[in-house]
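# Architecture at a glance
Next come the chains, spelled out residue by residue.
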Amino acid sequence: MSIPTTRLGRTGLTVSRLCLGTMTFGFQTDEETSRAILDKAASAGVNFLDTADVYPLGGGLPTAGRTEEIVGRWLKGKRDRFILATKCVGRVGPNEWDQGASRKHILDAIDASLRRLGTDYVDLYQLHSDDRDTPIDETLEALDAVVRSGKARYIGVSNYLAYRLARALGRADVRGLTRFVSVQPRYALLFREIERELLPLAQEEGLGVIPYNPLAGGLLTGKHRRGEPTPGTRFTLGTAASNYQQRYWNERAFATVEKLQGIVAEAGQSLTTVAVAWVLANPAITSAIIGASRPDQLDATLAAAELALDPQLKARLDELTAEYRRGDSPR
């Protein structure tokens, strides 16, 4: 298998159309299995890795940083073969300043991430969420210093509303500071709210879009059944369980998945593969983040990179999940 590549927004940086998310490494997935997942993704042609200083997902403060350490040990001796992205803003220590997008925390956080990752730079450094308690100019100045120091090549954001991202881009332009080149939002057949404003903004501004949760936490694999959440999955995973249950574990989502399974089965396809291919079919999308807790789970998601979605099938999927756009009325 050979994963296609593309440019990240308007930058000259080339990335694979699938990005390996690592947030299960170190809690849901032990290090040996994590390395096997990394090996399999790399052998398929995935050259884009995404992590964060707060990972692993579900572990909480006691495990923050463990995922970066695992990724760093695996990268030893082959760092130059991969595009490495990480994130800051989440709480990583006991002090009030061990979180957020202040100058102090950003400059502390990038150094800590580089130590854990065993590298002197990351390719993409992202704000994990929007810190509204810190003036955006302070944040942009700190990120500009990170880029100018060579500790990061590019900067991006995750979980930003369109108007906040637009404001940040405007401030960077006015002040001549390093500009965000990408956005990492949640996006799936069961969550399409970003289509109205965030994706058009990204296209107009030339931003790369790197969506996470293309399988809606695993619900779009079709393996889950109504009732109590499945043990050993994100729906029961430590501190992340309640968040994932709130997002997807409801009757409406299950009913939609059943209908999607019927449509996809008629086309002779895997729902898992089609769900990721549907995300990639949106022209605004640069690279979809896929994850796994076992290497074999990558088979169906990796296949999405080579699946050209039939236009009629895509139209049926669009129509069935239109309600998940929400707020689509122009006035």
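Look a little higher up for the structure.
Residues numbered from 1 in each chain as written. Predicted model: local features only at pLDDT ≥ 70, side-chain atom pairs only at ≥ 80, totals over all residues. Heavy atoms only, no water.

### Let's talk about the sheet that holds strand 7 (residues 152–158)
A sheet is described by the order of its strands in space; here eight strands give the open sequence 9-8-7-6-5-4-3-10, paired in parallel fashion. Of all strands in the sheet, those bounded by a partner on one side alone are strand 9 (208–209) and strand 10 (288–290). Pairing between strand 5 (residues 83–88) and strand 6 (residues 122–127): four bridges, direction parallel. Bridge pairing links Cys-88 to Leu-127 in strand 6. Its contacts with the sheet put helix 4 (residues 136–148) on strand 6, strand 7 and strand 8 (180–184), and the angle it makes with strand 7 is roughly 150 degrees. (Pairing = 2+ DSSP bridges. Helix = DSSP H or I, 4+ residues; strand = E, 2+ residues; numbered from the N terminus. Contact = heavy atoms within 4.5 Å. Axes fitted to C-alpha atoms, helices over the stretch in contact; angles between N-to-C directions.)

### Observations concerning the side chain of Asp-53
By the element assignment, Asp-53 lies in the loop between strand 4 (48–50) and helix 2 (66–75). Excluding residues within four positions of it along the chain, Asp-53 makes contact with Ala-64, Gly-65, Glu-68, Thr-86, Lys-87, Cys-88, Val-89, Val-92, Ala-109, Ser-113 and Arg-116.

### A few points about the pattern of salt bridges
Counting across every chain of the model gives 26 salt bridges. Across the salt bridge formed by Arg-116 and Glu-68, the nearest N and O atoms sit 2.7 Å from each other. Of this pair, Arg-116 sits in helix 3 (residues 103–117) while Glu-68 sits in helix 2, and the two are 48 residues apart along the sequence. A residue is classified by how much of its surface remains accessible, and Glu-68, at 0% relative accessible area, is buried. Linking Lys-314 and Asp-318 is a salt bridge whose minimum nitrogen-to-oxygen distance equals 2.9 Å. On the criterion of helical spacing, the pair formed by Lys-314 and Asp-318 is a turn pair, its members being four residues apart in helix 11 (residues 311–320). Connected through salt bridges with shared partners, the residues Arg-103, Asp-137, Glu-141, Arg-171 and Arg-175 form a single ionic network. (Salt bridge = Lys/Arg side-chain N within 4 Å of Asp/Glu carboxyl O. Buried < 20%, exposed > 50% of the residue type's maximum accessible area, 1.4 Å probe, protein only.)

### Quick word on the packing of aromatic side chains
One pass over the full model with this rule turns up six aromatic pairs. With centroids separated by 6.4 Å and ring planes inclined at 50 degrees, the aromatic side chains of Tyr-244 and Tyr-248 adopt a geometry described as tilted. Here Tyr-244 pairs with Tyr-248, and both are found in helix 7 (residues 241–248), just four residues apart, close to one helical turn. Residue Tyr-244 is classed as buried on the basis of its relative accessible area of 3%. Judged by its relative accessible area of 1%, Tyr-248 is buried. Note on Trp-249 and Phe-254: the rings are 4.9 Å apart at their centroids and 85 degrees apart in plane angle, and the pair reads as edge-to-face. According to the relative accessible area criterion, Trp-249 is buried, its value standing at 16%. Among the aromatic side chains, those forming a connected cluster through ring pairs are Phe-235, Tyr-244, Tyr-248, Trp-249 and Phe-254. (Phe/Tyr/Trp six-rings, centres within 6.5 Å; stacked < 30°, edge-to-face > 60°.)

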